[in-house]
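# Architecture at a glance
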Amino acid sequence: MNEMKYFCKNEEREGSCYIEFRRGDLCSEVHWPDSSIYICDEMMGKIGLTDAVREVIPTCDPYGPPVFISREEWDSIKQNPKGKESQIAIDEISSWINSNFQACDFFVILCI
């Protein structure tokens, strides 16, 4: 995976205030697996990615229960970014998400 502006790998995290994007077929793994990618909770809100997700899944809450996102929901999120920075974040995780969809019909956003 190329260098990312907003997301990071597990070993790059600094602290624990991160939203985890987890592969759908690995839902039972322990917390903070290396196969997931992470974004700082404040940054996800600041760049509008939280709003983009909430527009498709209104119950999404960065401090709530896990959110399961299907391919169709992800396609809707991609089509309606909330600004330039939100689009950059969507673009940078698209290859990770596409890889996930080869193995599973959904991915999970694990909130704080």
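Note that the coordinates shown come from a computational prediction; the quantities given were computed from them, not determined experimentally. (Residues numbered from 1 in each chain as written. Predicted model: local features only at pLDDT ≥ 70, side-chain atom pairs only at ≥ 80, totals over all residues. Heavy atoms only, no water.)

## A closer look at the overall build of the chain
Worth spelling out the cut-off: In DSSP terms, a helix is any run of H or I states spanning at least four residues, a strand is any run of E spanning at least two, and both are numbered starting from the N terminus. We compute the radius of gyration from the C-alpha atoms alone; for a globule the expected value is 2.2 Å times N to the 0.38, where N is the number of residues. With a 1.4 Å probe rolled over the protein chains alone, any residue whose accessible area is under 20% of its type maximum counts as buried; one over 50% counts as exposed, and the rest are partly exposed. We call two residues in contact whenever any of their non-hydrogen atoms come within 4.5 Å of each other. Residue-level accessible areas treat just the shown protein chains as cover; the underlying method is Shrake-Rupley with a 1.4 Å probe. By the counting rule applied here, Lys and Arg register as positive and Asp and Glu as negative, while His and the ends of each chain are not counted. Where a charge lies is defined by one atom per residue type, namely NZ (Lys), CZ (Arg), CG (Asp) and CD (Glu).
The helix and strand inventory of the chain stands at four helices and five strands. A compact globule built from 112 residues should have a C-alpha radius of gyration of about 13 Å, and the chain, at 13 Å, falls within 12% of that. Oriented by its inertia axes, the alpha-carbon framework of the chain measures out at about 30 × 30 × 30 Å. Across the 112 residues of the chain, 45% fall into the buried class. The long-range fraction of contacts in the chain, counting pairs at least 24 apart against all pairs at least 6 apart in sequence, stands at 61%. Accessible surface, the chain as shown: approximately 6,000 Å² in total, 48% of it carbon and sulfur. Of the charged side chains in the chain, 11 are positive and 20 negative; the average position of the first set lies 3 Å away from that of the second.

## Details of the side chain of Asp-41
Going by this rule: Salt bridges are defined by distance alone: a side-chain nitrogen of Lys or Arg within 4 Å of a carboxyl oxygen of Asp or Glu.
Turning to its location among the elements, Asp-41 is positioned in helix H1 (residues 41–46). In this structure, Asp-41 is buried with no salt-bridge partner, the nearest side chain bearing the opposite charge being Arg-54 at 11 Å.

## Considerations on the pattern of salt bridges
All told, the structure shown has four salt bridges when counted by the stated rule. For the salt bridge of Arg-22 with Glu-20, the shortest nitrogen-to-oxygen distance reads 2.7 Å. Under the relative-accessibility criterion, Glu-20 is labelled buried at 1%. Its salt-bridge partner being Glu-55, residue Lys-82 comes within 2.6 Å of it at the nearest N-O pair. With Lys-82 in the loop between helix H3 (71–78) and helix H4 (84–103) and Glu-55 in helix H2 (residues 49–56), the pair connects residues that are 27 residues apart, well separated along the chain.

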